[in-house]
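Descriptive structure summary
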Amino acid sequence: MSSFQMTSEGADALRRVARRGGDPPTLEGTPVPATPASGNWPGPTPLRDGVGRAAHPRCPGPSPPLSCLPRPRLLSLRPAHTPTRGGRLSPAPAAGPAPPARKMLRLCLLAAHALRLAGAALLSPGSCAFEDSACGYQWDYAHLPWALHGEGHYISVDTSYEGEKAVLYSPDLYSEEWSCVRLIYQIATTLETSHDPTRLNLYLRQEGESFDRLLWSTKESSDSWLIASLDLMNSTKKYKLVLEGEMGQDKSGSIAIFEIKITPGYCVECDFEENHLCGFVNRWNPNVNWFVGGGNIHNSQSILPKDHTLNSALGHYMYVDSVYVKDFQEVAQLISPKTTAPMSGCLSFYYQLKQESSIVFTVYLRDVSGFYEEIWKTDTALSTDWALAEVDFNAPYPMEVVFEVAFNSAKGGYVALDDISFSPVYCSNQTGTPFDPANAGCNFEEDLCNFYQDQKDGPGWSRVKVKRNVYRAGDHTTGFGYYLLANTKYTTQPGYIGRLYGPTLPGNLQFCLSFYYALYGFFKMSGTLAVYIFEENHVVQEKIWSVLDSPKGVWTKAEISFKKPMPCKVVFVSLCKSFWDCGLVALDDVSLSLGTCHAADSIQHSPGECTFEKDECVFTQKKRGRGSWHRRRGPTPTSYTGPKGDHTTGVGYYMYIEASDMVYGQRAYLVSRLLRGISGKQCLTFFYHMYGAGTGLLSVYLKKEGDDEEIPLWRRTGEQSISWLRGLIEYESDRNYQIIFEVIRGVSMRSDTAIDDVLFQAGPCLEVEEIQFSSGYPDSLNEIEY
């Protein structure tokens, strides 16, 4: 058992005390449900936050801020050994329980202690309760130290030492099956708001990767333990979990971790035998809520069943009872942890429903935007046996499972729930391949992909390619590839319309549509490009987006979230209202993803990706000053040189040198931090902008740890294009290394040079540039090809 568990006898004792009135006793490190605000316990108390309130014997009230706790001893970094998981558990002083109840509670505590010792060997690799060791977890000596609290059974970091962050990493782990990571933690701060808050991050460090993948991050502070549940997909690679505590600006901030538990299976699964209830929470209702049942306590006016897991009165389950209903149509909701990885298959659970008047038991899926989708429902009274329910479950983006019970009166009855499980195989005999959103996108490099035009409109869109030149921008994908251009061929009609239809999309899914567009030659840009949704069983098309204003000649990113109940198509419509106000509309890099665009923004970019939107990422500079790299958005101050906007969105940030602040031949260096070396080939992708008659030289170097020599990887000299161009570099380094971008200012002030969208990837590049080193102007410069 984990240190966050309590035996059924201990739970029974707490419930007996609750029934008699008074304050419940508390266990060190054991969650206790919080009492209602009135201070009276009319019955069992529902779980409010998935963990409840844990009291500490040294500080009164709910689990205190870390500043209330004694000074910890420093974490010893001995080699990992199997923890004894002992530690004395003792009840905090509490008024109310009668002597017999206290005696019963002591016996229960002894039983809980014995079960902990017996279950210590059952801990899965990577799990730790931090009772007398760190279970093989180690902290990074280059940062703040973590401290192990022997009495409180947790590990923490605070601002007692100078430093910006603390890093804790697990031993090597390996799992070929899905697993669930549950993290019980607390962030204590004194500042209510801050632009640089205290934060806890969890990363996945996979074998053969130079960068860690961010799985989860939070800045939520509290006065009690909180729980986070994260799904880990199966993998054949070894990995480590990396916990990073960022202290921020709060000089009194602290972060504590009570337990890390890794279990096989999915986070949506639960048998409700553990006190943290697998992270399931109530949507709080003052009258009717879900309660923990079982433990041989008759804690309801209804005759509740044995649990399903153990088929015993000592087992636990969740239940909701109508005896507390006060208003017509009271609703209780039990909400699962949010899925953190795409999953589909069969969701099953066991339930009992005793009905005296109308009860409706419904299961929903709820996405991050709050949209509910009903997937299962029953209002039929059943026998006293547990009934199995199975329903097909599809969560391609973050979802919560909501178990909802609606009552019409206080004599309605009850619903009990137990043993929620998930299988990646559908319950029904579903056939066919699932929808792949990649098939609904296109970069137009080879053809139109699955897009097509309506022949009655004529060829409104043309697929074109512009060679590198200093007059007209190329495509967004590479700077010298293909894209679509509308309004290139006029008709005799008073208005010029081009419609581009996408492939059919399935109904009842949330989508994020992303694309890049650029406008040329219009006096009024409003309405020159619009996006419609065409439902195939309806004639009417619905407009979901249109251009209002945009920088001329700049590839600008647009994102649109939509969801339709029926199959539909996306239609791009270009419009020239008259011959006198007609320009060109360019379209490129159309992509579709599942989920809302807002949710896609909250998910971190790929490991090793830097768009410079927030900061300089892994890069720093040898020397900062006027003649160094600068982070900027929009056009550069000097005319006829530099980009008009960034490559990421058209209105974001990039890194560049301002040539007017430098002298001819002056150098500026942008240097990455030390990156982990791995065996095999690696690929570096980036975009560069070298436009201006006096443009100098841009080079990329590899510097291995321990070497003074910098190995040249790539170089460009002189003016290249008015467009952002893609650079690809394939390299190898089995030692830790740094990547260096060096720019040399050219002969004139029209020598601004910029980079954006840097991406490090393990494995060889899918494409390889034929020329890694070039000098002077390309032969095809200023040639335009359609």
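Before reading on, note that the structure itself is shown above.
Below, the structure is looked at part by part. These figures come from a predicted structure and were not determined experimentally.

This structure, assessed with the given rule, holds eight disulfides. Note on cysteine connectivity: Cys180 is disulfide-linked to Cys267, with sulfurs 2.1 Å apart. Judged by the sign of its S-S torsion, about 105°, the bond between Cys180 and Cys267 is right-handed. Separated by 87 residues along the polypeptide, Cys180 in strand β6 (residues 179-188) and Cys267 in the loop between β11 (254-264) and β12 (281-283) bring together distant segments of the chain. Through a disulfide, Cys610 is tied to Cys617; the S-S separation comes to 2.0 Å. Between Cys610 and Cys617, the S-S torsion sits near 85°, and that sign places the bridge as right-handed. Judged by its relative accessible area of 36%, Cys617 falls in the partly exposed class.

Within the secondary structure layout, Arg735 lies in the loop between β40 (725-733) and β41 (737-744). Reaching out from Arg735, the side chain makes a polar contact with the side chain of Asp707 at a distance of 3.0 Å.

The phi dihedral of Asp419 falls on the positive side, at around 50°, and the residue is not glycine. Note on placement: Asp419 falls in strand β21 (residues 413-423). Of the residues examined, Asp419 reaches a relative accessible area of 15% and is grouped as buried. In this structure, Phe612 takes a positive phi of about 65° despite not being glycine. Tracing the chain through its elements places Phe612 in the loop between β32 (609-610) and β33 (619-621).

Okay, the packing of aromatic side chains next. Throughout the structure, instances matching the rule amount to 42 aromatic pairs. With a centroid separation of 5.9 Å and 65° between ring planes, the pair formed by Phe619 and Phe741 is classed as edge-to-face. Here Phe619 is found in strand β33, whereas its partner Phe741 is found in strand β41, with 122 residues between them in sequence. Judged by relative accessible area, Phe619 falls into the buried class, the value being 5%. Since its relative accessible area comes to 0%, Phe741 is described here as buried.

Looking now at the nonpolar core. One broad trend across soluble globular proteins is that nonpolar side chains are buried collectively. One finds Trp290, Phe349, Phe361, Phe403, Leu513, Phe515 and Phe572 to be the most contacted residues of the largest nonpolar core, which totals 77 residues. Among all residues touching Leu513, those that are not within four sequence positions of it are Val531, Ala558, Glu559, Ile560, Phe562, Val570, Phe572, Val590, Ser591, Leu592 and Cys597. By size, the runner-up hydrophobic cluster in this structure holds 34 residues, among which are Cys135, Leu148, Ala166 and Leu168.

Quick look at the sheet that holds strand β24 (residues 482-486) now. Here five strands make up an open sheet; going across it, the order is β23-β24-β31-β26-β29 and the pairing antiparallel. At either margin of the open sheet sits one strand with a lone partner, and together these are β23 (461-465) and β29 (556-564). Adjacent strand axes in the sheet meet at a mean angle of 35°, parallel and antiparallel pairs treated alike. When β24 meets strand β31 (residues 584-594), the two strands line up antiparallel, connected through three bridges. When the sheet's bridge partners are listed, Leu485 is paired in β31 with Ala586.

The next subject is the sheet that holds strand β16 (residues 343-355). Pairing is antiparallel across the open sheet formed by five strands, whose spatial order is β13-β14-β21-β16-β19. Only two strands of the sheet have a single partner each, and these edge strands are β13 (291-294) and β19 (387-395). Averaged over all pairs of adjacent strands, the angle between strand axes in this sheet comes to 40°, irrespective of strand direction. With nine bridges joining them, β16 and β21 adopt antiparallel strand pairing.

Attention now goes to the pairing of strand β35 (residues 653-657). For β35, a buried count of four out of five residues is recorded, marking the element as mostly surrounded by other parts of the structure. Summarising the sheet, strand β34 (residues 629-633) and β35 pair through five bridges and their orientation is antiparallel. Its bridge partner being in β35, Arg631 is matched across the sheet by Met655. Strand direction decides the pairing type here: β35 and strand β42 (residues 753-762), joined by three bridges, are antiparallel. When the sheet's bridge partners are listed, Ile657 is paired in β42 with Thr753.

To continue, consider the pairing of strand β18 (residues 372-378). Both strand β17 (residues 359-367) and β18 contribute to a ladder of six bridges, which runs antiparallel. In the strand pairing of β18, Tyr364 is matched with Glu374.

This brings us to the environment of Lys240. Summarising the element assignment, Lys240 is placed in strand β10 (residues 239-246). Remark: the alpha-carbon pair of Lys240 and Asp172, spanning 68 residues in sequence, is separated by 5.3 Å. Apart from residues lying up to four places away in sequence, Lys240 is in contact with Tyr169, Ser170, Pro171, Asp172, Tyr203, Leu204 and Arg205. There is a polar contact of 3.5 Å between the side chain of Lys240 and the backbone oxygen of Ser170.

Turning our eyes to something else, we now look at the pattern of salt bridges. Inspection of the entire model under this criterion finds 14 salt bridges. With its nearest N and O atoms 3.1 Å apart, the salt bridge here joins Asp172 to Lys240. Taken together, the residues span a long stretch of sequence, with Asp172 in the loop between β5 (165-169) and β6 and Lys240 in strand β10 at a distance of 68 residues. Across the salt bridge formed by Arg676 and Asp212, the nearest N and O atoms sit 3.0 Å from each other. Here Arg676 is found in the loop between β36 (667-672) and β37 (678-690), whereas its partner Asp212 is found in the loop between β7 (199-206) and β8 (213-218), with 464 residues between them in sequence.

Thresholds, definitions, all that
- Residues numbered from 1 in each chain as written.
- Predicted model: local features only at pLDDT ≥ 70, side-chain atom pairs only at ≥ 80, totals over all residues.
- Heavy atoms only, no water.
- Disulfide = S-S within 2.5 Å.
- Helix = DSSP H or I, 4+ residues; strand = E, 2+ residues; numbered from the N terminus.
- Buried < 20%, exposed > 50% of the residue type's maximum accessible area, 1.4 Å probe, protein only.
- Polar contact = N/O pair within 3.5 Å; in protein donor to acceptor, adjacent residues only side chain to side chain.
- Phe/Tyr/Trp six-rings, centres within 6.5 Å; stacked < 30°, edge-to-face > 60°.
- Core = buried A, V, L, I, M, F, W, Y, C linked by side-chain atoms within 4.5 Å.
- Contact = heavy atoms within 4.5 Å.
- Pairing = 2+ DSSP bridges.
- Axes fitted to C-alpha atoms, helices over the stretch in contact; angles between N-to-C directions.
- Salt bridge = Lys/Arg side-chain N within 4 Å of Asp/Glu carboxyl O.

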